[in-house]
Amino acid sequence: MTQPGPIALAGCGRMGGPMLAALRAAGFDAQGYDIAPENVVDDVPVTDDPSRVAEGLRVLITVVRDEAQTDDVLFGHGRLAERARDLETLIISSTLSPRYVRGLAERMPDSVRLVDAPMSGARIAAQERRLSFMLGGEEAELDRLQPLFDAMGAHFHRMGPFGNGAQAKVLNNLLAASHTAMTRLVLDWADATGLDERRLLALIETSSGQNWLASGMDTIEFARDGWSEDNSIGILVKDVSAALDAAPLSANTRLPEEVRRVIRALEPRRRS
């Protein structure tokens, strides 16, 4: 199977940097595009020049923060939807509103195939190349791109047509958000009642309260952070909002809205 390429990955921050490193380690012709390359912490080639990125580009992966930054890459400052005349495939790996993602089908050139491939696992999984991808797109295109996903991940879930990957991801992140809110509340209550955090977390790991955040308090980089607009807890709030944006008309949204409010109020938590 012919490798897809050349490849550009837009957004080389917390998740994008190690994803780009994984692609290059697997032998792909891949480079990074970021409006602030001086802030990239991973040892990967990154440019802020969209014209340089666009030259000969065949596959574009976007891992930027939100819809506004995605628009900037494709239609704003980057204008890669127009500049990259050889572009064959756009892969959306950011966690975005499914409504927005599906709308890209009407905004991109007809010659560009669209795949949504949001991922889960936090930075540690990106560094260890064991991300979980939720894939939406045509089966033949996903087959063609599978070597690329194999380089970055360990779990691949084909969810159906374009947009279904984004829908699955925001639903997954609703659960992650609820785990984050409740686990942090439980640990605060444990402190207030004199329970040792390490003993409680060991109990949770082997009991009915087990969840992703509790299991990863020492490895998930944002597990103890407080809310900030530009950190990972802020991104989790954004993800809940993305889910709410595409909620079914009949959905009861009170619980997700309350989870979002609680996460926005989180304060930093010390290590035990």
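Residues numbered from 1 in each chain as written. Predicted model: local features only at pLDDT ≥ 70, side-chain atom pairs only at ≥ 80, totals over all residues. Heavy atoms only, no water.

Caption draft 1: Focus on the overall build of the chain. Counting its secondary structure elements, the chain contains 12 helices and 9 strands. Rg of the C-alpha trace for the chain: 19 Å, near the compact-globule value of 19 Å for 272 residues, within the 12% margin. If you line up the chain on its principal axes, its C-alpha atoms span 60 × 45 × 35 Å. Scored against the burial criterion, the 272 residues of the chain give a buried share of 50%. Long-range pairs, those at least 24 residues apart, make up 64% of the contacts in the chain between residues at least 6 apart in sequence. About 13000 Å² of surface is accessible on the chain, with carbon and sulfur atoms providing 50% of the total. Of note, the chain has its 30 positive side-chain charges centred 3 Å away from the centre of its 39 negative side-chain charges. (Helix = DSSP H or I, 4+ residues; strand = E, 2+ residues; numbered from the N terminus. Rg over C-alpha atoms; globule rule 2.2 N^0.38 Å. Buried < 20%, exposed > 50% of the residue type's maximum accessible area, 1.4 Å probe, protein only. Contact = heavy atoms within 4.5 Å. Areas by Shrake-Rupley, 256 points an atom, 1.4 Å probe, with all protein chains shown as cover. Lys, Arg positive; Asp, Glu negative; His and termini not counted. Charge placed at Lys NZ, Arg CZ, Asp CG, Glu CD.)

Caption draft 2: Up close: the packing of aromatic side chains. By the definition in use, this model includes 3 aromatic pairs. Residues F133 and F156 carry aromatic rings whose centres are separated by 6.3 Å and whose planes lie at 10° to one another, so their mutual orientation is stacked. A residue pair is termed long-range when its members are at least 10 positions apart, and F133 in strand β8 (residues 131–136) and F156 in strand β9 (residues 153–160) qualify at 23 residues. Consider the rings of W212 and F222, whose centres lie 6.1 Å apart with planes at 50°: the pair is tilted. Of this pair, W212 sits in helix α10 (residues 212–215) while F222 is found in the loop between α10 and α11 (232–245), placing the two residues 10 residues apart along the sequence. (Phe/Tyr/Trp six-rings, centres within 6.5 Å; stacked < 30°, edge-to-face > 60°.)

Caption draft 3: Region of interest: helix α8 (residues 164–193). Compared with the 44 Å implied by 1.5 Å per residue over 30 residues, the 44 Å span of α8 between its first and last C-alpha is a close match. Directly beyond the C-terminal end of α8, a positive phi value near 90° is found at G194. (Expected span 1.5 Å × (residues − 1).)

Caption draft 4: Structural view of the layout of surface pockets. Within this model, the largest pocket holds a volume of roughly 1100 Å³. If you trace the largest pocket, you find 45 residues lining it, with R14, M15, V63, R65 and I235 closest to the centre. Those elements that place two or more of their residues in the lining of the largest pocket are α3 (67–74), β7 (119–120), α6 (122–127), α8 and α11. Volume-wise, the second largest pocket comes out at about 180 Å³. Residue lining of the second largest pocket: S120, G121, I124, A125, R130, S132, H155, W212, G216, T219 and I220, and that is the complete set. For the lining of the second largest pocket, the residue count by class is 4 nonpolar, 6 polar and 1 charged. (1 Å grid on protein atoms, 1.4 Å probe; cavity = no way out; pocket = protein on both sides within 12 Å on 5 of 7 lines; lining within 4 Å. Points joined across faces, edges and corners; volume = space filled by probe spheres on them. Nonpolar A, V, L, I, M, F, W, Y, C, P; charged D, E, K, R; others polar.)

Caption draft 5: A look at the nonpolar core. Judged by nonpolar contacts, the single largest core of 30 residues is most densely connected at M19, L23, I61, I91, F133, L148 and F149. Contributing elements (two or more residues each) for this core: β1 (7–10), α1 (16–25), β4 (59–62), α6, β8 and α7 (139–152). Counting residues per element, this core draws most heavily on α7, which supplies 6 residues. Once residues lying within four places of it in the same chain are set aside, the contact partners of L148 are P4, I7, L23, F28, V59, I61 and I91. With 25 residues, the next largest nonpolar core counts Y33, A54, V64 and Y100 among its residues. (Core = buried A, V, L, I, M, F, W, Y, C linked by side-chain atoms within 4.5 Å.)

Caption draft 6: Main features of the pattern of salt bridges. With the rule as written, the count across this model stands at 22 salt bridges. With its nearest N and O atoms 2.8 Å apart, the salt bridge here joins D143 to R158. With a gap of 15 residues between them, D143 in helix α7 and R158 in strand β9 connect regions that are remote in the sequence. Using a relative accessible area of 32% as the deciding quantity, one classes R158 as partly exposed. Salt bridges linked by common partners bring D188, D191, E197, R198, D218, R224, R269 and R271 together as one network. (Salt bridge = Lys/Arg side-chain N within 4 Å of Asp/Glu carboxyl O.)

Caption draft 7: Focus on the packing of α8 against helix α9 (residues 197–205). At a minimum axis distance of 10 Å, the contact between α8 and α9 shows a crossing angle of 135°. Judged by the angle between their axes, α8 and α9 are oblique. For the element pair α8 and α9, the recorded crossing hand is right-handed. In this structure, α8 uses V186, L187 and A190 to contact α9, whose residues at the interface are E197, L200 and L201. Looking at side-chain class alone, the contact of α8 with α9 contains 5 nonpolar, no polar and 1 charged residues. (Axes fitted to C-alpha atoms, helices over the stretch in contact; angles between N-to-C directions. Parallel < 35°, antiparallel > 145°, perpendicular 65-115°, else oblique. Left-handed = near helix turned anticlockwise from the far one by under 90°.)

Caption draft 8: Region of interest: α3. Those residues of α3 that sit buried are T70, V73 and L74. An end-on view of α3 places all buried positions within 90° of arc, on one side of the element. Buried residues belonging to α3 abut β1, β2 (30–33), β4, α4 (80–83), β5 (89–92) and α5 (98–103). Residue D66 occupies the N-cap position of α3, its side-chain oxygen lying 3.3 Å from the main-chain nitrogen of A68. (Arc of directions from axis to C-beta. Polar contact = N/O pair within 3.5 Å; in protein donor to acceptor, adjacent residues only side chain to side chain.)

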